[in-house]
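Topology and contacts: notes
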Amino acid sequence: MGLHQTEDNLQQFTATITNHREVAHNLVWVGLRAPAAALREARAGQFVFVRCGDPASFDPYLRRPFSLAAFDVDGESAALLVRVSGRGSRWLTERVEGEQLDMIGPLGNGYRLDERSRHLLAIVGGERQPHLAPLLPLLKSAAARELSVTLLIEAEREAYLPPASLLPPEVEYQTFFREAGDSAIAHIKPLLGWADQVVAAGPDDFLAALKKVAGAVYPRPDIQASVERPMACAVGVCLGCAVENERVGYLRACREGPVFDLWKMVL
Ligand SMILES: Cc1cc2nc3c(=O)[nH]c(=O)nc-3n(C[C@H](O)[C@H](O)[C@H](O)COP(=O)(O)OP(=O)(O)OC[C@H]3O[C@@H](n4cnc5c(N)ncnc54)[C@H](O)[C@@H]3O)c2cc1C
Ligand code: FES
């Protein structure tokens with residue numbers, strides 16, 4: 001398993017697929033063996049930039065970003081939770097145990113778990129599958145620190161929902177399905193008074209709806225939200241991943257994000 005520092009001081013490493021299973025419709029867990037040195041500084045919410053094609057080919061040319069859905073420095077292991085949405089993600093989910101993946105990372109700024117926090121509310125949406133991956137390591141460390149954790153999760157339909165077995169057993173898990181006319185956001189108000197920390201992940205329209213509902217609650221809770229943007233470089237150069245910020249103009253999802261203060265985001 002190789003690890004080397006690129007000229008830009010990024011870590012490039014090889015990870016080996018150790019297990020590989022479809023956990024829901026079009027949603028694949030990819031377990032990896034990865035060098036401890038590559039994972040030492042990893043934080044929940046960070047991502048890796050993965051080459052999603054044959055090593056001898058430049059197709060697709062650009063790497064694809066995927067959140068670290070799990071990482072364990074001592075066990076030299078990590079995982080991705082991949083939604084099949086195009087040719088890169090499909091290539092990734094068609095790999096088998098023993099195959100190697102070329103990665104750069106971990107990259108970006110992740111979630112911060114406040115030391116004083118006792119009640120963590122996580123809220124996750126998605127186009128079909130919810131964007132659960134960036135939150136999984138955070139839920140794991142919150143449960144290990146004995147916080148009360150409630151997760152509201154929304155999918156288009158039940159077949160797209162990640163199974164509860166991916167979560168620590170301590171997490172209270174409430175599910176909502178849009179095909180049944182329900183939404184997680186419709187259920188957050190009572191929990192916003194209970195939570196002393198709120199974390200979210202999902203597409204922009206989901207985060208915009210969350211911002212609107214939570215903005216009507218007083219006092220307004222702090223909410224850290226993870227965004228997704230198409231990424232060409234993932235190192236802050238191309239500016240293709242810009243996220244508008246009320247105070248400072250535009251920030252880069254790959255450098256200043258992908259986790260941002262929801263209240264400062266223009267959605
Ligand atoms: C920081 C970050 C973390 C991510 N974490 C995960 C993860 O844990 N699991 C996961 O399955 N996916 C994750 N994604 C999304 C993932 O990177 C894209 O789904 C993937 O790059 C699509 O590549 P593709 O070749 O499969 O699809 P393509 O053929 O390139 O695109 C398929 C469709 O998806 C759209 N698309 C491409 N990239 C993105 C993107 N980044 N955001 C939104 N739409 C996009 C395209 O416009 C197109 O409509 C993350 C994205 C970011 C930026
Ligand atoms: S992807 Fe190029 S600046 Fe973020």
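Residues numbered from 1 in each chain as written. Chains lettered and ligands numbered in written order. Predicted model: local features only at pLDDT ≥ 70, side-chain atom pairs only at ≥ 80, totals over all residues. Heavy atoms only, no water.

This next bit is on the overall build of the protein. The secondary structure content of the protein amounts to five helices and 16 strands. For the protein, the spread of C-alpha atoms along the principal axes amounts to about 55 × 40 × 35 Å. Within the protein, the fraction of its 267 residues that count as buried is 53%. Long-range pairs, those at least 24 residues apart, make up 65% of the contacts in the protein with a sequence separation of at least 6. (Helix = DSSP H or I, 4+ residues; strand = E, 2+ residues; numbered from the N terminus. Buried < 20%, exposed > 50% of the residue type's maximum accessible area, 1.4 Å probe, protein only. Contact = heavy atoms within 4.5 Å.)

Moving on: the packing of aromatic side chains. Applying the stated criterion across every chain yields a total of one aromatic pair. Summarising the aromatic geometry, the rings of Phe-58 and Tyr-61 are spaced 6.2 Å apart at their centres and angled 50° between planes, so their arrangement reads as tilted. For the pair Phe-58 and Tyr-61, a shared accessibility class is recorded, and that class is exposed. We note Arg-95 situated over the ring of Trp-91; from NZ or CZ to the ring centre the distance is 4.3 Å. The ring of Trp-263 has Arg-220 sitting right over it, with the charged end atom 4.2 Å from the ring centre. (Phe/Tyr/Trp six-rings, centres within 6.5 Å; stacked < 30°, edge-to-face > 60°. Lys NZ or Arg CZ within 6 Å of the ring centre and 35° of its normal.)

Now for helix 5 (residues 204–215). For helix 5, spanning twelve residues, the distance from its first C-alpha to its last is 16 Å, which sits close to the expected 16 Å at 1.5 Å a residue. Among all positions in helix 5, only Phe-206, Leu-207, Leu-210, Lys-211 and Ala-214 are buried. Projection of helix 5 onto a plane perpendicular to its axis shows the buried side chains occupying an angular sector of 140°, all on one side. Exposed residues lying more than 90 degrees from the buried face of helix 5 are Asp-205 and Lys-212. (Expected span 1.5 Å × (residues − 1). Arc of directions from axis to C-beta.)

Turning our eyes to something else, we now look at the nonpolar core. Formed by 38 residues in total, the largest nonpolar core has its most connected members in Ile-123, Leu-152, Leu-207, Leu-210, Ile-223 and Met-231. Counting only elements with at least two residues in this core, the list comes to strand 4 (47–50), strand 8 (100–107), strand 9 (119–124), helix 4 (189–194), strand 12 (197–201), helix 5 and strand 13 (223–226). A domain-level breakdown of this core finds at least three residues from each of domain 1 (3–107) and domain 2 (119–264). Apart from the residues lying within four places of it in its own chain, the contact partners of Ile-223 are Val-198, Ala-200, Leu-210, Ala-214, Phe-260, Asp-261, Leu-262 and Trp-263. (Core = buried A, V, L, I, M, F, W, Y, C linked by side-chain atoms within 4.5 Å. Domains from an automatic or database assignment.)

Read these as layout, nothing more, since geometry by itself doesn't imply function.
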